[in-house]
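Here is how the chains run, residue by residue.
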Amino acid sequence: MQSVLSLNGVTKFYGKIQALNNVSFSVPEGSVFGILGPNGSGKTTLLSIVLDVLKANKGSYTWMGGEDDGEVRKKIGSLLETPNFYHYLSAADNLAITHAISGRGTKEEIDTVLDKVGLLARKKSKFNTYSLGMKQRLAIGAALLGSPKVLVLDEPTNGLDPEGIAEIRELIKNLAKEGNTIIMASHLLDEVEKVCTHVAILKKGTLITTGSVDEVMINEDIVELGSHDKATLLTVLKTMPGYNSIKEELGFIQLTFSLGTANLSEINSYCFKNGIVLNHLRVKRKSLETKFFELTNQN
């Protein structure tokens with residue numbers, strides 16, 4: 001798969017403070033790529049560098065295999081900060097001003113963009129009548145002027161209520177289905193898990209891990225078991241061979257196995273032969289939140 005963006009050893013200092021430390025990864029074409037990390041991890045600095053807002057001290061990056069910079073920039077839409085929209089103007093008028101200032105897209109394209117972000121029916125409504133989610137969708141609409149192939153979004157759901165978060169999540173999914181590559185920074189683990197196909201996790205400017213979300217989340221099988229007699233179940237399971245660890249979690253017993261080695265039929269049979277009837281048995285995928293916590297709390 002072709003890379004839309006490749007970083008090679010990107011390093012950035014603010015005085016004596018190192019914001020990024022030798023960061024290297026590639027963003028596959030057509031992916032929804034999450035740059036995940038807590039506040040202060042270097043996410044915004046990284047996006048600012050690849051958008052030429054900041055200069056790296058060391059390292060390099062290339063967009064789309066090193067095409068001509070002028071042509072590449074036309075294919076990238078970005079949202080680092082919410083645009084300064086005029087509160088008493090309509091959505092359509094605000095996008096017309098954005099077009100006039102940036103030179104991106106055409107006036108004729110405005111209705112198409114508003115339709116993509118679900119605001120066409122409210123295009124004549126004043127900006128100050130919009131919900132927070134609608135305002136953020138309009139900001140993404142401004143980034144879509146000129147039909148870019150790549151969207152770079154910094155914390156697109158930051159400060160939104162649950163309804164607004166759901167709106168932006170659905171919009172990102174729809175834009176990805178249309179063939180856009182989306183690069184988004186976020187500290188919201190749940191959003192990255194539900195929206196992104198790939199992820200890079202940063203901690204204090206250092207890349208901890210990168211890969212597909214499935215690869216990052218899953219490096220072992222977690223089996224969740226339940227029975228009316230949990231104490232006896234725990235005793236029986238401690239005598240069963242093959243698992244790596246055992247613990248109680250949220251009313252169930254959890255066993256971990258090396259990836260791909262858990263056999264539910266064998267586990268169920270072992271319990272039954274030892275007098276335990278299970279009322280709950282499933283393979284549980286490790287959440288990105290658990291994985292993120294483990295990765296970012298390593299010494």
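Residues numbered from 1 in each chain as written. Predicted model: local features only at pLDDT ≥ 70, side-chain atom pairs only at ≥ 80, totals over all residues. Heavy atoms only, no water.

A. Up close: the packing of aromatic side chains. One pass over the full model with this rule turns up three aromatic pairs. Considering the side-chain rings of Phe85 and Phe127, the 5.2 Å spacing of their centres and the 55° angle between planes classify their relative orientation as tilted. Here Phe127 lies in the loop between helix H4 (110–116) and helix H5 (132–144) and Phe85 lies in the loop between strand E5 (76–79) and helix H3 (91–102), a separation of 42 residues in the sequence. Assigned by exposure class, Phe85 and Phe127 land together as buried. (Phe/Tyr/Trp six-rings, centres within 6.5 Å; stacked < 30°, edge-to-face > 60°. Helix = DSSP H or I, 4+ residues; strand = E, 2+ residues; numbered from the N terminus. Buried < 20%, exposed > 50% of the residue type's maximum accessible area, 1.4 Å probe, protein only.)

B. Examining the pattern of salt bridges more closely. The tally for this structure, following the rule as stated, stands at 10 salt bridges. Here Lys194 ties to Asp190 by a salt bridge, and the two come within 3.1 Å at their closest N and O atoms. With Lys194 and Asp190 both in helix H7 (residues 189–195), this residue pair falls four residues apart, about one helical turn. Using a relative accessible area of 43% as the deciding quantity, one classes Lys194 as partly exposed. Asp190 sits in the partly exposed class, given a relative accessible area of 38%. Glu249 is the partner of Lys247 in a salt bridge, and the nearest nitrogen-oxygen pair spans 3.5 Å. Note on Lys247: relative accessible area 45%, which makes it partly exposed. (Salt bridge = Lys/Arg side-chain N within 4 Å of Asp/Glu carboxyl O.)

C. Region of interest: the sheet that holds strand E13 (residues 280–284). Reading across from one edge, E11-E12-E10-E13 is the order of the four strands in this open sheet, with antiparallel pairing throughout. If you trace the sheet from one side to the other, it starts and ends with strand E11 (245–249) and E13, each paired once. The mean angle between the axes of side-by-side strands here comes to 25°, regardless of whether they run parallel or antiparallel. Where strand E10 (residues 220–226) and E13 come together, five bridges link them in antiparallel fashion. The residue of E13 that forms the bridge with Gly226 is His280. Sheet strands touched by helix H10 (residues 264–273): E10, strand E12 (252–258) and E13. Its angle to E13, the strand with the most contacts, is close to 150°. (Pairing = 2+ DSSP bridges. Axes fitted to C-alpha atoms, helices over the stretch in contact; angles between N-to-C directions. Contact = heavy atoms within 4.5 Å.)

D. Up close: the layout of surface pockets. Reported here for the largest pocket is a volume of approximately 560 Å³. Looking at the largest pocket, it is lined by 23 residues, and the ones nearest its centre are Ser78, Pro83, Thr98, Ser102 and Ala142. When residues of the lining of the largest pocket are traced back to their parent elements, those giving at least two are E5, H3 and H5. Taken together, the residues of the lining of the largest pocket break down into 13 nonpolar, seven polar and three charged. (1 Å grid on protein atoms, 1.4 Å probe; cavity = no way out; pocket = protein on both sides within 12 Å on 5 of 7 lines; lining within 4 Å. Points joined across faces, edges and corners; volume = space filled by probe spheres on them. Nonpolar A, V, L, I, M, F, W, Y, C, P; charged D, E, K, R; others polar.)

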